[in-house]
Amino acid sequence: PPGIDFCAPHGSLQSCLLFAMVGTLVAVGGEVVDKVQVKTALVSVYDKTGLKELGEFLAAQKVHVLSTGGTAAKLREYGCTVQDVADYTGSPEILDGRVKTLHPKVHGGLLAARGVEKHEKEMVEHGIMPIDLVIVNLYPFREAVAKGGDFAHCIENIDIGGPCMIRASAKNNASVTICSSPSQYGKMMEQVRENGGSTTWAFRKNMAAAAYALTAAYDASVSQWMATQVTEPPPTKTVAFEIERPLKYGCNPHQLPAGLCAVNGGKLPFEVLSGVPGYINLLDAVNAWQLVYELAKGTGKPAAASFKHVSPAGAAISVPLSETEIEVYEVKGKPLSEVATAYVRARNADPMCSFGDFVAISHKVDVATANILKIEVSDGIIAPGFEPEALEILKAKKGGKFIVLQADNDFEFPEMEYRMVGGLGFMQKRNDKICDASLLAKVVTAKKELSEQAKLDMVLGMIAIKYTQSNSVGYSKDGMMIGIGAGQQSRVDCVKLAGRKVATWRLRFHPKVMALKFREGVKRQDRVNARVRYIEGDMDEAELQQWVKNFDSAPEPLTEKEKSEFLSTLDDVTIASDAFFPFRDSIDHAKKLGVKFVAQPGGSVADEEVIKACDAYGMTMAFSDLRLFHH
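Residues numbered from 1 in each chain as written. Predicted model: local features only at pLDDT ≥ 70, side-chain atom pairs only at ≥ 80, totals over all residues. Heavy atoms only, no water.

Examining the overall build of the protein
Okay, step 1: From N to C terminus, the protein includes 23 helices and 24 strands.
Okay, step 2: Taking 25 Å as the expected radius of gyration for a compact globule of 631 residues, we find that the protein reaches 33 Å, considerably beyond that expectation.
Okay, step 3: Taking the principal axes of the C-alpha coordinates as reference, the protein spans close to 100 × 55 × 45 Å.
Okay, step 4: Scored against the burial criterion, the 631 residues of the protein give a buried share of 49%.
Okay, step 5: Counting only carbon and sulfur atoms, one obtains 54% of the accessible surface of the protein, whose full area is about 30500 Å².
Okay, step 6: Here the protein carries 71 positive and 76 negative side-chain charges, and the mean point of each set is 2 Å from the other. (Helix = DSSP H or I, 4+ residues; strand = E, 2+ residues; numbered from the N terminus. Rg over C-alpha atoms; globule rule 2.2 N^0.38 Å. Buried < 20%, exposed > 50% of the residue type's maximum accessible area, 1.4 Å probe, protein only. Areas by Shrake-Rupley, 256 points an atom, 1.4 Å probe, with all protein chains shown as cover. Lys, Arg positive; Asp, Glu negative; His and termini not counted. Charge placed at Lys NZ, Arg CZ, Asp CG, Glu CD.)

Here it is, written out as structure tokens:
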């Protein structure tokens with residue numbers, strides 16, 4: 001009962017069990033000896049990886065081994081002195097093997113506090129052997145679930161005895177070493193050799209920490225699966241992160257430690273083939289990969305995306321380039337496969353913002369695509385495969401620092417997403433809604449016609465903004481995003497921001513821009529930046545003097561009238577929004593940029609006002625009834 005003291009003094013040591021008013025237990029006590037000699041080991045493993053080397057090591061160290069079943073037979077082959085657990089406990093394995101090691105003589109040997117007189121006396125009375133080393137791994141529960149096992153099969157693969165032994169050993173780390181994975185055998189054997197047949201307390205604590213992490217992750221997997229099998233899932237959600245690779249830092253250099261983690265024992269959706277990806281690289285990669293994967297599925301065409309800071313600077317599907325586009329995008333004379341064409345379009349939506357991008361490609365990367373990437377300033381790429389020569393080209397980029405990730409086309413994204421922000425946990429179902437032409441059936445304007453190209457551009461726009469930081473709006477034309485406005489608090493500001501990018505994209509085709517004569521030696525990205533500043537035209541004298549150094553002679557300015565007249569020829573543009581337009585002002589602005597097709601969820605009290613604006617401009621607008629916020 002609370003407040004009752006059951007402590008019994010033993011000289012300078014004290015063995016006590018105290019239920020305090022708060023209901024917690026006081027330490028049993030006992031001496032902590034730094035080095036504990038390994039005399040007896042308990043070995044019970046499902047995964048026999050490394051067992052031969054381990055068995056030969058235990059035999060050489062003359063360690064007495066307790067074991068069960070097939071593990072015991074193997075260890076005898078390797079020269080170990082093995083005592084069956086059933087012989088030691090006097091109890092046979094029962095209930096189809098469900099009960100093997102759940103016995104006081106096993107757990108007493110794991111949990112007894114050495115140096116505590118009462119514990120040592122009870123061990124003698126009950127014939128309990130102290131166990132110094134425990135080597136256990138667990139039934140493959142996750143694998144049983146992954147292979148589609150039925151309820152009974154998965155239940156049978158929930159390990160009971162293994163986690164009990166692991167947790168007991170880890171708790172008594174003052175005396176017991178726990179090895180819970182074959183990957184730990186090497187360092188355990190090295191530890192024992194270096195310490196004359198013993199382990200140190202520091203080592204035992206490290207192994208105990210790893211053991212508790214393992215059982216926590218194992219229980220998390222069981223808990224998550226079990227929650228899917230019942231009518232009333234529990235309110236506690238368990239998610240286990242396993243560090244697959246440490247990262248140099250997080251978002252910023254001072255944010256350490258940082259790491260890339262697998263979730264609940266699952267695999268990563270990609271493999272690192274080259275380079276050292278960073279935190280933001282990986283955020284870009286996983287978002288960009290989802291975008292192009294969905295875009296290729298939704299359109300049936302190769303897709304590409306150019307990502308910066310977790311939003312696309314550009315995205316496109318493979319639509320053949322005109323001769324003018326080939327010239328403007330500076331790919332004249334270069335082989336252009338379907339895949340290469342998709343990336344050229346994605347990169348050239350906003351080539352200034354794509355500087356240092358992370359690229360995603362939906363299809364296998366060929367040599368033509370690799371050679372386009374070779375000349376661009378880019379941090380990395382994710383794709384489902386690479387032609388051998390293409391891979392070598394990319395691995396050589398940036399002196400071998402270019403990041404190459406091979407995506408797993410068969411990876412199934414988890415249904416639920418979890419995150420932590422400011423000490424709070426958030427969970428939501430993944431946004432797995434498919435954006436395709438079926439969302440365009442509800443045309444609400446007087447003009448109803450949607451060409452196949454318009455439908456492609458609308459689907460492209462919806463998918464692109466689905467993976468863009470909200471609020472977001474995107475303009476698309478001829479299979480490519482030509483302007484994306486991300487992360488603005490006001491929707492009309494998104495429209496204007498993206499619209500400015502559309503205007504810049506379009507004006508790169510102006511004859512005066514195309515005719516700019518750069519001096520020899522001006523780099524590709526410097527040409528991109530110089531063209532943009534020429535189009536913007538708002539340079540002060542100091543900047544202008546520096547800018548003209550890109551040319552043999554100062555170009556004639558591009559006037560506002562010339563820009564306005566050229567932009568007035570832009571037509572058949574699509575605009576897509578991640579949420580409804582709350583006012584008609586967005587439509588009024590979009591009209592200035594040649595918009596003829598609008599895709600948005602609808603649902604605003606101002607829907608009628610927006611529809612009237614579209615009708616006034618001869619636009620076709622579809623309500624998707626699907627909001628696509630992304631944060």
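Side note on a nonpolar patch on the surface
Okay, step 1: On the surface, Phe151, Met226 and Val230 cluster together into a nonpolar patch covering about 230 Å² of accessible area.
Okay, step 2: Of note, Val230 is situated in the loop between helix 10 (201–227) and strand 10 (241–246).
Okay, step 3: The class for Val230 is partly exposed, based on a relative accessible area of 37%. (Patch = residues over 30% accessible without salt bridge, like charges linked within 9 Å, V, L, I, M, F, W, Y side chains within 5 Å. Salt bridge = Lys/Arg side-chain N within 4 Å of Asp/Glu carboxyl O.)

Notes on the packing of aromatic side chains
Okay, step 1: Summed over the entire model, instances satisfying the criterion amount to eleven aromatic pairs.
Okay, step 2: On the basis of an interplanar angle of 80° and a centroid distance of 5.9 Å, the ring pair of Tyr329 and Phe509 is categorised as edge-to-face. On the criterion of sequence distance, the pair formed by Tyr329 in the loop between helix 12 (323–328) and helix 13 (338–347) and Phe509 in the loop between helix 17 (491–507) and helix 18 (511–514) is long-range, its members being 180 residues apart. You'll find Tyr329 and Phe509 in the same group, each marked buried.
Okay, step 3: Over the aromatic face of Phe402 sits the side chain of Lys397, whose NZ or CZ is 5.6 Å from the ring centroid. (Phe/Tyr/Trp six-rings, centres within 6.5 Å; stacked < 30°, edge-to-face > 60°. Lys NZ or Arg CZ within 6 Å of the ring centre and 35° of its normal.)

Points about the pattern of salt bridges
Okay, step 1: Summed over all chains, the structure comprises 29 salt bridges.
Okay, step 2: The residue Glu562 makes a salt bridge to Lys512 at a minimum N-O spacing of 3.1 Å. One end of the pair, Glu562, is in helix 21 (residues 560–567); the other, Lys512, is in helix 18, with 50 residues separating them in the sequence.
Okay, step 3: Owing to a relative accessible area of 23%, Glu562 belongs among the partly exposed residues under this scheme.
Okay, step 4: On the basis of relative accessibility, which here comes to 19%, the residue Lys512 falls in the buried class.
Okay, step 5: Glu536 is paired through a salt bridge with Arg533; the nearest N and O atoms lie 2.5 Å apart. Taken together, the residues Glu536 and Arg533, both in helix 19 (residues 524–536) and three residues apart, mark about one turn of the helix.
Okay, step 6: Since its relative accessible area comes to 28%, Glu536 is described here as partly exposed.
Okay, step 7: A relative accessible area of 17% means that Arg533 is categorised as buried.
Okay, step 8: Among the ionic contacts, a cluster of salt bridges with common partners joins Glu330, Arg347, Asp357, Glu376, Arg524, Arg527 and Arg531.

Observations regarding the packing of helix 13 against helix 14 (residues 367–374)
Okay, step 1: Contact geometry for helix 13 and helix 14: axes closest at 7 Å, N-to-C directions at 30°. Classified by the interaxial angle, the pair formed by helix 13 and helix 14 is roughly parallel. Considering only the axes of helix 13 and helix 14, their crossing is right-handed. Residues Val339, Ala340, Tyr343 and Val344 of helix 13 pack against Ala368, Thr369, Ile372 and Leu373 of helix 14.
Okay, step 2: Here the contact of helix 13 with helix 14 is composed, by residue class, of seven nonpolar, one polar and no charged. (Axes fitted to C-alpha atoms, helices over the stretch in contact; angles between N-to-C directions. Parallel < 35°, antiparallel > 145°, perpendicular 65-115°, else oblique. Left-handed = near helix turned anticlockwise from the far one by under 90°. Contact = heavy atoms within 4.5 Å. Nonpolar A, V, L, I, M, F, W, Y, C, P; charged D, E, K, R; others polar.)

With respect to the state of the cysteines
Okay, step 1: According to the stated counting rule, one finds zero disulfides in the structure shown.
Okay, step 2: Cys261 supplies the cysteine sulfur nearest to Cys251, a cysteine that is in no disulfide, at a spacing of 14 Å.
Okay, step 3: Its sulfur unpaired, Cys494 is 14 Å from the next cysteine sulfur, which belongs to Cys353. (Disulfide = S-S within 2.5 Å.)

Quick notes on helix 13
Okay, step 1: Helix 13 sits mainly inside the fold: nine of its ten residues count as buried.
Okay, step 2: All buried positions along helix 13 are accounted for by Val339, Ala340, Thr341, Ala342, Tyr343, Val344, Arg345, Ala346 and Arg347.

Observations concerning the nonpolar core
Okay, step 1: The biggest cluster of nonpolar side chains holds 71 residues, and the ones touching the most others in it are Tyr329, Ile361, Ile381, Leu394, Tyr475, Ile575 and Val598.
Okay, step 2: Considering every element that reaches this core, the biggest residue donor is helix 17, with seven residues.
Okay, step 3: If you look at the next biggest cluster of nonpolar residues, it comprises 51 residues, including Cys80, Ile128, Val176 and Ala208. (Core = buried A, V, L, I, M, F, W, Y, C linked by side-chain atoms within 4.5 Å.)

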